Amino acid sequence: MSAPLLSINGLGVHFGGLAALSDVDIELNKNEVVGLIGPNGAGKTTLFNALSGLVSCEGNLELEGKSHEWPQPNELVDLGISRTLQGVGLFPDMTVLENVMIGATKFATGGLIRSALGLDIRTEKVLRSLAMDALAKVSCTGIADRKVDSLPYPTTKRIAIARALVSDPKILLLDEPAGGLGAEDIEWMNSFIDVISNRCSILLVEHHMDVVMSVCDRIYVLNFGKLIASGTPEHVRNNPDVIEAYLGSSAGKQ
Ligand SMILES: Nc1ncnc2c1ncn2[C@@H]1O[C@H](COP(=O)(O)OP(=O)(O)OP(=O)(O)O)[C@@H](O)[C@H]1O
Ligand SMILES: [Mg+2]
């Protein structure tokens, strides 16, 4: 069996006296969709932040079986890791296409700075084409030239995903992709995650249990920064600790 794509061992993150994460072990294999669930404040986003170099942490990280330093934010794309933010995190004054092109700047010589200063025409053409391909995946090519602040919230969630996908990641970290969506958009997100899981492995933070249970191969459950359960959706769903800690306290959010 090949080594996991991502292996985290003994992850700890402290904010002053608060242990936001303690001794957390997580693995993500090729072609897996792995859920990371838990009540508000359990440490899910903090785990993504540790993996994205946004908070300092302790513990070991292996990528494809090789030990690796915890990455800096600017190293993520080259490591094949891409994420969406809880919420949306787009630039509201820029167009949809420009927002997605930002996610593709690893393909531009000179990167983001050059992009901000203006790209040469050939590079811009390549980035545009990659961004349009990513927008096609989320069925949003028709609004490429619209300003983001003119769009409804569910559409901006799709664009945020297109921006994460445009760098062709091996590992996609999705932080509450269905958060704030209505039933129809949740259904779309559900099938979309299923489709893109053929292209990359996904670590999914999500409160909507119907989504988590239907798309995830395995699930980890955090509570107060500690792993309290892991396993198949069926196993986790029936685990009394999970019912007590998570499902019991957040059933209203489903
Ligand atoms: N930058 C920070 N400084 C201080 N405390 C923080 C910081 N980021 C997170 N925390 C705290 O760490 C804990 C974990 O927060 P985190 O945002 O990871 O939770 P979460 O599981 O993503 O919750 P939610 O489901 O509400 O998004 C919380 O107690 C939170 O208040
Ligand atoms: Mg969070």
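Refer to the preceding data block for the structure.
What comes next is a walk through the structure. (Residues numbered from 1 in each chain as written. Chains lettered and ligands numbered in written order. Predicted model: local features only at pLDDT ≥ 70, side-chain atom pairs only at ≥ 80, totals over all residues. Heavy atoms only, no water.)

### A few points about the environment of Asn238
- If you trace the backbone, Asn238 turns up in the loop between helix H8 (233-237) and helix H9 (240-250).
- Within the structure, Asn238 has its side chain in polar contact with the backbone oxygen of Glu234 (distance 3.0 Å). (Helix = DSSP H or I, 4+ residues; strand = E, 2+ residues; numbered from the N terminus. Polar contact = N/O pair within 3.5 Å; in protein donor to acceptor, adjacent residues only side chain to side chain.)

### Topic: empty space enclosed by the protein
- Counting across every chain of the model gives 1 cavity of 30 Å³ or more.
- Estimates place the volume of the largest cavity at around 50 Å³.
- In terms of lining, the largest cavity is formed by Thr84, Leu85, Gly87, Lys157, Ala160, Ile161, Asp175 and Pro177.
- In terms of residues, the lining of the largest cavity owes the most to one element, helix H5 (residues 153-165), which gives 3 residues.
- Among the residues making up the lining of the largest cavity, the classes are represented as 4 nonpolar, 2 polar and 2 charged. (1 Å grid on protein atoms, 1.4 Å probe; cavity = no way out; pocket = protein on both sides within 12 Å on 5 of 7 lines; lining within 4 Å. Points joined across faces, edges and corners; volume = space filled by probe spheres on them. Nonpolar A, V, L, I, M, F, W, Y, C, P; charged D, E, K, R; others polar.)

### Some details on the coordination of the magnesium ion (ligand 2)
- The protein atoms donating to the magnesium ion (ligand 2) are Thr45 (OG1) and Gln86 (OE1), with metal-donor distances spanning 2.0 to 2.1 Å. In this pair, Thr45 is assigned in helix H1 (residues 44-51) and Gln86 in the loop between strand S6 (81-83) and helix H2 (96-102), connecting sequence segments 41 residues apart.
- Of the residues examined, Thr45 reaches a relative accessible area of 22% and is grouped as partly exposed. (Donors = N, O, S within 2.8 Å, 3.2 Å for Na, K, Ca; no water. Buried < 20%, exposed > 50% of the residue type's maximum accessible area, 1.4 Å probe, protein only.)

### Observations concerning the side chain of Thr155
- Relative to the assigned elements, Thr155 resides in helix H5.
- Beyond its immediate sequence surroundings of up to four residues, Thr155 is in contact with Cys140 and Ile143. (Contact = heavy atoms within 4.5 Å.)

### Digging into the sheet that holds strand S9 (residues 218-223)
- Spatially, 6 strands are ordered S6-S7-S8-S3-S9-S10 in an open sheet, and the strand pairing comes out mixed. Taken across any chain shown, the strands that pair with only one partner, and hence form the sheet edges, are S6 and strand S10 (226-231). Adjacent strand axes in the sheet meet at a mean angle of 15° when their direction is disregarded.
- Where strand S7 (residues 171-175) meets strand S8 (residues 201-205), 5 bridges bridge the pair, whose relative direction is parallel. (Pairing = 2+ DSSP bridges. Axes fitted to C-alpha atoms, helices over the stretch in contact; angles between N-to-C directions.)

### A look at the nonpolar core
- Leu135, Ile193 and Ile202 are the most contacted members of the largest nonpolar core, which totals 51 residues.
- Residue-level mapping places this core at the junction of two domains, with at least three residues from each of domain 1 (1-80 + 169-254) and domain 2 (89-168).
- Discounting residues that sit within four places of it in the chain, Ile193 has contacts with Val33, Leu174, Pro177, Ile202, Leu204, Val211 and Val215.
- Leu6, Ile8, Leu36 and Leu61 belong to the second-largest nonpolar core, a separate cluster that totals 28 residues. (Core = buried A, V, L, I, M, F, W, Y, C linked by side-chain atoms within 4.5 Å. Domains from an automatic or database assignment.)

### Details of the pairing of S9
- With respect to burial, S9 is a largely interior element, 5 of its 6 residues being buried.
- Where strand S3 (residues 33-37) lies against S9, 4 bridges are found, and the strand directions are parallel. Looking across to S9, one finds that Gly35 is bridged to Ile219.
- Where S9 and S10 come together, 5 bridges link them in antiparallel fashion. Note that in S10 the partner of Tyr220 across the bridge is Ser230.

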